[in-house]
Amino acid sequence: MNAPTRPQEAIPAPLALLAEVTHRCPLACAYCSNPLDLDRRSDEMDTAAWLRVFEEAAALGVLHVHLSGGEPAARKDLAELVAGGARAGLYTNLITSGIGLDERRLDELVHAGLDHIQLSVQAAEEEAGDRFSGLSGSHRRKRDFAALVTARGLPLTINAVIHRGNIGQVEALVHEAIALGARRVEIAHAQYYGWALKNRDALLPSREAVTGMRATMARLRTETAGAIVIDYVPPDYFARYPKPCVHGWGRQSLNVTPRGKVLPCHAAETIPDLEFWTVREHALAEIWESSPTFNAFRGTGWMREPCASCARREVDFGGCRCQALMLTGDARNADPVCTLSPHHALVEKMAGAEPAARPPTRRGYAAPA
Ligand code: SF4
Ligand code: FES
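Rules used in this analysis
Residues numbered from 1 in each chain as written. Chains lettered and ligands numbered in written order. Predicted model: local features only at pLDDT ≥ 70, side-chain atom pairs only at ≥ 80, totals over all residues. Heavy atoms only, no water. Buried < 20%, exposed > 50% of the residue type's maximum accessible area, 1.4 Å probe, protein only. Helix = DSSP H or I, 4+ residues; strand = E, 2+ residues; numbered from the N terminus. Pairing = 2+ DSSP bridges. Core = buried A, V, L, I, M, F, W, Y, C linked by side-chain atoms within 4.5 Å. Contact = heavy atoms within 4.5 Å. Near = heavy atom within 4 Å. Nonpolar A, V, L, I, M, F, W, Y, C, P; charged D, E, K, R; others polar. Phe/Tyr/Trp six-rings, centres within 6.5 Å; stacked < 30°, edge-to-face > 60°. Lys NZ or Arg CZ within 6 Å of the ring centre and 35° of its normal.

**Q** Hey, could you run me through the pairing of strand β8 (residues 253-256) in this one?
**A** Moving residue by residue along a regular strand, the side chains alternate between the two faces of the sheet. Neither face of β8 is left uncovered, since the one carrying S253 and N255 and the one carrying L254 and V256 both have all their residues buried. Sheet topology places strand β1 (residues 16-20) next to β8; four bridges connect them, and they run parallel. Bridged to L17 within β8 is L254. Sheet topology places β8 next to strand β9 (residues 262-263); two bridges connect them, and they run antiparallel. Bridge pairing in β9 places N255 opposite L263.

Right under this line is the structure:
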């Protein structure tokens, strides 16, 4: 897959850019979906390179930039990055653990034009929060940070990743998000990529727990209406049809890694034979429109049966290419989460498996907290 390719139809502009500005992070969550082979600090693009990416993204039609990581606050130039995104006309969203952002740094971000903050929370109380994040005192620091954010009138969303260890706390997590002053809470099951895939056996909840959680979420949506908006991302392995991963490959979004590789999705580098162009060597528009990787699974032309003739092929786009690869060995297969996939029994087996006795492996490569 080396020669640039041009698809037949006009390619719509992407809406969002996920800027993974660093893989450094003070936390060590076992459900981290970052790759096992993390980019080092010395690999990271500098401020000027990121600002050029934001300008190119805006020119391409991108509306939102999500500053993510790792922990974006590990970068000393975070306020400059926010200012660059805002100057380019992008809506700037910071996805953070809150660790490393004190009052002074938050004021710099507000001054730079930051529009929104998504704060990760691992549990509803301190002991479990610290245990899941791997950093003592982290939950208390997150609470303090949330208070600083809301005091400045900045809209706040709480992100909570759900797994076997905290699935019993979802109700408490929603109430914690309300107490923290959030306008939205995203309750999302762990996605099994990177470190989370390595720890899947220890993280996957039981079928009974997932069924109970669905009922809890439905009740909470009614009970908390007007107090908070709940976004619920159900677990893949217990679904009837797969998620439309990244809203379809090369349709709405692109990820730029700390070293400048441009990916259609978070885990694309796990797919062999794809060649990832970088913003160091190519313009973002050229990558979006012409790179072999973005065109590899764009649209429906690449599909095999049962997806090729399925009525849902433009609803879920065959699910997740990376998950199809991980579980079936071929990224062109239907995501085996789909009950129509000939490989679906693999997922059924995993969803019914006994909990693992071993503790999960924590992701490494921390930044100073
Ligand atoms: Fe989606 Fe393919 Fe399953 Fe149809 S067969 S629902 S397109 S994954
Ligand atoms: Fe790669 Fe879903 S994570 S397509």
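**Q** Help me understand the nonpolar core, please; the structure alone is not making it clear to me.
**A** Side chains of a nonpolar character, in soluble globular proteins, are inclined to be buried together. Membership of the largest hydrophobic core comes to 83 residues, with the highest contact counts inside it found for F54, I187 and Y237. A per-element tally of this core places helix α1 (residues 47-60) first, with seven residues. Ignoring sequence-local partners within four residues, the contact set of I187 consists of A160, I162, V170, L173, V174, M213, M217, I230, D231, Y232 and V233. Membership of the second largest hydrophobic core comes to 20 residues, among which are A267, A268, F297 and W302.

**Q** Where do I start with the site of ligand 1 in this structure?
**A** In the vicinity of ligand 1, the contacting residues are Y241, P242, P306, C307, C310, R312, R313, D316, G318, C338 and L340. A per-class count over the shell around ligand 1 returns seven nonpolar, one polar and three charged.

**Q** Honestly, the packing of aromatic side chains in this entry has me stumped. Any pointers?
**A** To describe a pair of aromatic rings, one takes the distance between the centres and the angle between the planes. In this structure the tally under the stated criterion is five aromatic pairs. A centroid spacing of 6.0 Å and a plane angle of 40 degrees characterise the contact between W50 and F54, whose relative ring orientation is tilted. Residue W50 and its partner F54 are both found in helix α1; the two are separated by four residues, about one turn of the helix. There is no split in this pair, since W50 and F54 are both buried. Taken together through their ring pairs, the aromatic side chains of W249, F297 and W302 make up a single cluster. Taking the ring centre of F132 as reference, the NZ or CZ of R131 above it sits at 4.9 Å. Above the plane of the ring of W288 lies R298, whose end atom (NZ or CZ) is 4.7 Å from the centre.

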